[in-house]
Amino acid sequence: MDAPAPRPALTEAARRRALAVILGTVVMNMIGVGLAWPILPKLVQAMGSGTVSDAAAAYAVIGTIYAVAQFLFSPLIGIVSDKYGRRPVMLVSLAGLTVDYIFAALAPTLIWLAFARLVGGIFGATVTTANAYVTDISEPAERARIFGLIGAAFGAGFILGPLLGGLLGEIDIRLPFIAAAVLGAVNLGFAFAFLPESLDEANRRRTPDWREANPLSSLRKIASFPALTPLLVALLLTATAQRGLEGTWVLYTEFRFGWGLREAAWSLAFVGVMYVIVQGFLVGPIVRVIGDWPTVIAGFVVSCLSLALYGLAETGWMVYPLIALYVIGNGLGSPALTAICSKSVDGDRQGQLQGTLQAINALAIIFGPLLASLVLAHVSAPDPLVDVPGLWFIGGALVFALSVGLAVRTAPRPT
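About the cut-offs
- Residues numbered from 1 in each chain as written.
- Predicted model: local features only at pLDDT ≥ 70, side-chain atom pairs only at ≥ 80, totals over all residues.
- Heavy atoms only, no water.
- Patch = residues over 30% accessible without salt bridge, like charges linked within 9 Å, V, L, I, M, F, W, Y side chains within 5 Å.
- Areas by Shrake-Rupley, 256 points an atom, 1.4 Å probe, with all protein chains shown as cover.
- Salt bridge = Lys/Arg side-chain N within 4 Å of Asp/Glu carboxyl O.
- Helix = DSSP H or I, 4+ residues; strand = E, 2+ residues; numbered from the N terminus.
- Buried < 20%, exposed > 50% of the residue type's maximum accessible area, 1.4 Å probe, protein only.
- pLDDT = per-residue confidence, 0-100.
- Contact = heavy atoms within 4.5 Å.
- Polar contact = N/O pair within 3.5 Å; in protein donor to acceptor, adjacent residues only side chain to side chain.

**Q** Sorry if this is basic, but what is going on with a nonpolar patch on the surface here?
**A** Judged by side-chain polarity, V273, I277, F281 and L282 come together as a nonpolar surface patch covering roughly 340 Å² of accessible area. In this structure, F281 sits in helix α11 (residues 261–290). What makes F281 exposed here is its relative accessible area of 60%.

Have a look at this one:
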């Protein structure tokens, strides 16, 4: 299954510096995301009728616009980075996200807010480019650990971001978006000054097939590898459950536990702490001891259990141990599964693969928040037909159980 990959072009010292810079870029980017993202449902709620049910329905539409834009543009961004390098794509993406925050801060209506999210979806390629970047500068055997460090960088940024966003949001609901725009501009300057190019000229695609920029075509091409097809299905299913959880968290905790912005922000900061611990310190050692495939399977089993318990939780204090359990499962399983996929294609196709993986994630962002928001709008209505507040979480547990089955059937048998 493993395809030969060229050794990184950078020296060991330069490779370490480049990894430190890309991790710093990701941290600052996620602080900005953490500032704005948890506040967005509340901004939608404030600009609408004020009810959780109506806000969930409106947020479903706005979130879908963002996800469709990301789905359509992610493969193109991956191919462009394969041809022209990772650095220019990262810089353009950071600039676009800064513009997105400015539009959101100034949006007078929900239509303008939807336009801001459209801009964010088009330029939200930092995940795609960061993953391709670390693939360029890492050996196949260490990629699970490196992807874990990227996840830890996301978590580190997500610790401070929601805390600041919650505090600023209580002062003014638009203030977190202004702060995110300022931080985005600073991050752009940091990356421009210190981020080197990771893709050597010899490994660039000279004549890319631009038809692969069609996200459906790109998905079909990657899915033509028989070994990858069940892995991509598992990624889509688990990411859909995850994105739905994220997209409705702030509104769900208000509906279920009566939480405000501050309580939701603290819980999201705890998510960040757990991701730093799990993906920064546990992924590498665990993968070395038990391997990629057992890590994926064990992680998804733990995620399945935690989501089922989420759906049954009736008081806010129960959330924190369940957050820890879920992050342990998903924080181990997802990097290991991404590493397995990255080892299955050649070095000059890593940008395309990461673009396709991001397109899969964008599909999950389309269906996850949309379906979860509609489910929340239903269960929070005065007279729901299915009176199960944690319905989405129970469904997510079933999805992870199905993904465990796919992983077990796909994993190579020991000899």
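The rest of the description comes next.
**Q** Which parts of the structure should I look at to understand the confidence of the model for the protein chain?
**A** Averaged over all residues, the pLDDT of the protein chain is 83; the fraction at 70 or higher stands at 90%. The model gives residues 1–8 a pLDDT under 50, and that stretch makes 23 contacts with residues more than four places away or in other chains.

**Q** Explain the pattern of salt bridges to me, please; I cannot follow it from the model alone.
**A** One pass over the structure, following the stated rule, counts six salt bridges. With a closest N to O distance of 2.5 Å, E254 and K42 form a salt bridge. A residue pair is termed long-range when its members are at least 10 positions apart, and E254 in helix α10 (residues 229–257) and K42 in helix α2 (residues 40–47) qualify at 212 residues. Look at K42 and you get buried, because its relative accessible area is 13%.

**Q** It is not clear to me how the environment of M28 should be interpreted in this structure. Could you clarify?
**A** Assignment of secondary structure puts M28 in helix α1 (residues 12–36). Linking M28 and V68, residues 40 residues apart in sequence, is a C-alpha distance of 25 Å. If near-sequence neighbours (up to four positions away) are discounted, M28 is found in contact with L183, N187 and F190.

**Q** Where do I start with the side chain of R86 in this structure?
**A** Within the fold, R86 resides in helix α4 (residues 86–106). At a separation of 2.7 Å, a polar atom in the side chain of R86 contacts the side chain of D136.

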